Amino acid sequence: MRQDAYELLGVQRGADERAIKKAFRALARQLHPDVNSHDPAAEEKFKAAAEAYEVLSDPERRGVYDRHGWDGLDSRGFGQASHGFGSFSDIFEAFFGGDPFGGGRGGGPGPLQGGDIAVEVEISLQQAARSASVDVAYDSVAPCERCHGNRAEPGTPIETCERCGGAGQLRAVSRTAFGQMVRAQACDVCAGDGKVATTPCVECSGRGLRAVRRELTVDVPAGIADGQRIRLSGRGHSGERGGPAGDLFVLVGVAEDERFLRDGSDLVAVVDVSAPAAALGTEVSVPTLDGEETVEVPAGTQPGTVVTLRGRGMPTVGSGRAGDQQVVLNVVIPRNLTSRQRELLAELRDSVTDANMGEGARESLLSKVRRALR
Ligand SMILES: [Zn+2]
Ligand SMILES: [Zn+2]
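These numbers were taken from a predicted model, which means no experiment stands behind them.

Basis of the calculations
Throughout, a residue's number is its position along its own chain's written sequence, starting from 1. In the order they appear in the text, chains get letters beginning with A and ligands get numbers beginning with 1. Given that the model is predicted, a residue must reach a pLDDT of at least 70 before its local features are reported, and side-chain atom pairs must reach 80 or more before they are shown or counted; all residues, however, enter totals for whole chains, interfaces and linings. By convention in this description, side-chain values take in all heavy atoms of the structure and omit both hydrogens and water. Geometry of aromatic contacts follows a simple scheme: Phe, Tyr and Trp rings, the Trp one being its six-membered ring, pair when their centres are within 6.5 Å, and the pair is stacked under 30 degrees between planes, edge-to-face over 60, tilted otherwise. Here a helix means four or more residues in a row that DSSP labels H or I, a strand means two or more in a row labelled E, and each is numbered from the N terminus. For the exposure calls, accessible area comes from a 1.4 Å probe over protein chains only, and a residue counts as buried if that area is under 20% of its type's maximum, exposed if over 50%, partly exposed in between. Atoms are scored as donors when they are N, O or S and lie within 2.8 Å of the metal, with 3.2 Å used for Na, K and Ca; no water is included, so coordination may look incomplete. For four-coordinate sites, all angles between 85 and 135 degrees define a tetrahedron; for four- and six-coordinate sites, opposite donors beyond 155 degrees with the remaining angles between 65 and 115 define square planar and octahedral shapes respectively, and all other cases count as irregular. Strand pairing is assigned whenever DSSP detects at least two bridges linking the two strands. Between N-to-C directions, angles span 0 to 180 degrees; the directions come from axes that are lines fitted to C-alpha atoms, helices contributing only their stretch in contact. Helix span is expected to be 1.5 Å times the residue number reduced by one. One fitted axis covers the seven residues ending at a residue, a second covers the seven starting there, and the bend at that residue is the angle between these axes. Whenever two N or O atoms come within 3.5 Å, that pair is a polar contact, provided that in protein one can donate a hydrogen and the other can accept it, and provided that, for residues adjacent in sequence, both atoms are side-chain atoms. Of all possible arcs, the one meant is that of the directions from the helix axis to the C-beta atoms. On a scale of 0 to 100, pLDDT captures the predictor's confidence in every residue. What makes two residues a contact is simply this: any of their non-hydrogen atoms within 4.5 Å.

**Considering the packing of aromatic side chains**
As enumerated under the stated definition, the model contains three aromatic pairs in all. Aromatic pair Y6 and Y65: ring centres 6.2 Å apart, planes at 45 degrees, arrangement tilted. Here Y65 lies in helix α4 (residues 59-75) and Y6 lies in helix α1 (residues 5-9), a separation of 59 residues in the sequence. We note that Y6, like Y65, is buried.

Right, dumping it as structure tokens:
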């Protein structure tokens, strides 16, 4: 039994095009033989994933596969023999995130900018508050050191491509209902170079480029929000034929901190205070970005009272200003009373008068509820 294409990529049956592409790219990076040379099974897995991707990324073939499975594809001429999976450009595109022919469509020889790369990092709220340095590692395309990117084994000649006569392009003429259509394509023999190495470089198999692992320390500015990205220009894939390198995008995830809610540059923390302590007045320990802090709770503090710690929230990127920390005092009614506690509370209850209740508290609670409902 051949493995299910969706299973091979680890996506749901209803996955959209983007999710499928994303899953395949992640797998390709992990399994590509250039990277994963230590795992002999990786190449087989890579081929299987590439095949699944070829099917699921093409709406027509995906439709056939969904209805009739692999056999259906084979019997309808969509089999791998007729199409050929994992063609060089598909793999290159999936692995390196760019078209090796520079958008190939009509692009002849000339400088080619390298593709962009995105990497994800996750930092804590604490790190987000106080500028952090994070290490990132990623795979990128760099010129092959052995052939210096010219694709030929050192010392062997490079000849003008016979197929395209050195132009780097081919013109494909097709007849359609609207007449003849001429389309320029990158030459499939020289990949748009116009030149062909008689003996391909053994290090890069004549590709001129290699995948290299790069490591980099990235400074994350204080106050960064979850999902923001940092752009490092020129740190992406190398360009070709003298073109500039692409950019590196660092997508910063800020992990949730269960002690705080983040509201823009403000932080909100909730602290429990027992009802008797709130009635008598007390001190509570409050978590802040700088550690625990003691906060005064005045006698008669009501549920939901908010204490503001000025300037103790998150900084704003690019400015020195910081938000506030709001501390919500959650007055807790004691439960699981012992008989002694019941006695004391009953005595307290019987002694409470209107003077202890106060209109103010109800008014302020009502206005808070109104605000919340608006
Ligand atoms: Zn090389
Ligand atoms: Zn050519």
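**Focus: the coordination of the zinc ion (ligand 2)**
In the first shell of the zinc ion (ligand 2), the protein supplies C161 (SG), C164 (SG), C187 (SG) and C190 (SG), at 2.2 to 2.3 Å from the metal. Each of the four donor atoms bound to the zinc ion (ligand 2) contributes to angles spanning 103 to 118 degrees, and the resulting shape is tetrahedral. All donors to the zinc ion (ligand 2) come from one chain, and their sequence spacing reads C-x2-C-x22-C-x2-C. With a gap of 23 residues between them, C164 in the loop between β3 (158-160) and β4 (169-176) and C187 in the loop between β5 (179-186) and β6 (195-197) connect regions that are remote in the sequence. Both residues of the pair, C164 and C187, belong to the buried class.

**Section: the sheet that holds strand β11 (residues 266-274)**
Each strand in a sheet pairs with another by means of backbone hydrogen bonds, the pair being arranged parallel or else antiparallel. What the four strands build is an open sheet, ordered β10-β11-β15-β14; its pairing is mixed. The sheet terminates laterally at β10 (261-263) and β14 (305-309), the two strands that pair on one side only. Adjacent strand axes in the sheet meet at a mean angle of 30 degrees, parallel and antiparallel pairs treated alike. The pairing of β11 with strand β15 (residues 325-332) spans eight bridges and is classified as parallel. Within β15, the position partnered with V271 by the bridge is L329.

**Some remarks on the coordination of the zinc ion (ligand 1)**
For the zinc ion (ligand 1), every protein donor is listed as C144 (SG), C147 (SG), C201 (SG) and C204 (SG), and the spread of their distances is 2.3 to 2.4 Å. Written as a sequence motif, the donor residues of the zinc ion (ligand 1) are C-x2-C-x53-C-x2-C. Note that C147 is positioned in the loop between β2 (132-143) and β3 and C204 in the loop between β6 and β7 (209-220), a separation of 57 residues in sequence. On the basis of relative accessibility, which here comes to 2%, the residue C147 falls in the buried class.

**Some details on α4**
With 17 residues, α4 should cover 24 Å at 1.5 Å per step; its first-to-last C-alpha distance of 17 Å lies more than 12% under that length. Maximum bend of α4: about 125 degrees, positioned at H68. All buried positions along α4 are accounted for by R61, R62, G63, V64, Y65, G69, W70, G72 and L73. Capping the start of α4, D58 holds a side-chain oxygen 2.9 Å from the backbone nitrogen of E60, two or three residues further along.

**Quick look at helix α2 (residues 17-31)**
The terminal C-alpha atoms of α2, which comprises 15 residues, lie 21 Å apart, in line with the 21 Å expected from a rise of 1.5 Å per residue. Those residues of α2 not exposed but buried are I20, A23, F24, L27, A28 and L31. Within α2, the buried residues cover an arc of 135 degrees as seen down the axis, which keeps them to one side. Across from the buried face of α2, at angles greater than 90 degrees, the exposed residues are R18 and K22.

**Observations regarding the confidence of the model for the chain**
Of all residues in the chain, 86% attain a pLDDT of 70 or more, and the chain-wide mean is 83. Strand β12 (residues 282-288) holds the highest mean pLDDT among the elements of the chain, 97, whereas helix α5 (residues 80-83) holds the lowest, 38. Counting contacts from residues 80-108, a segment whose pLDDT is below 50, to residues more than four positions away or on other chains yields 61 contacts.

**Considering the sheet that holds strand β8 (residues 229-232)**
Taken together, three strands build an open sheet; the order of strands is β1-β9-β8 and the sheet is mixed. Each edge of the sheet is formed by a strand with only one pairing partner; in this case those strands are β1 (117-123) and β8. The sheet shows a mean angle of 25 degrees between the axes of neighbouring strands, direction not considered. Where β8 meets strand β9 (residues 248-254), four bridges bridge the pair, whose relative direction is antiparallel. For R229, the partnering residue across the bridge sits in β9 and is L251.

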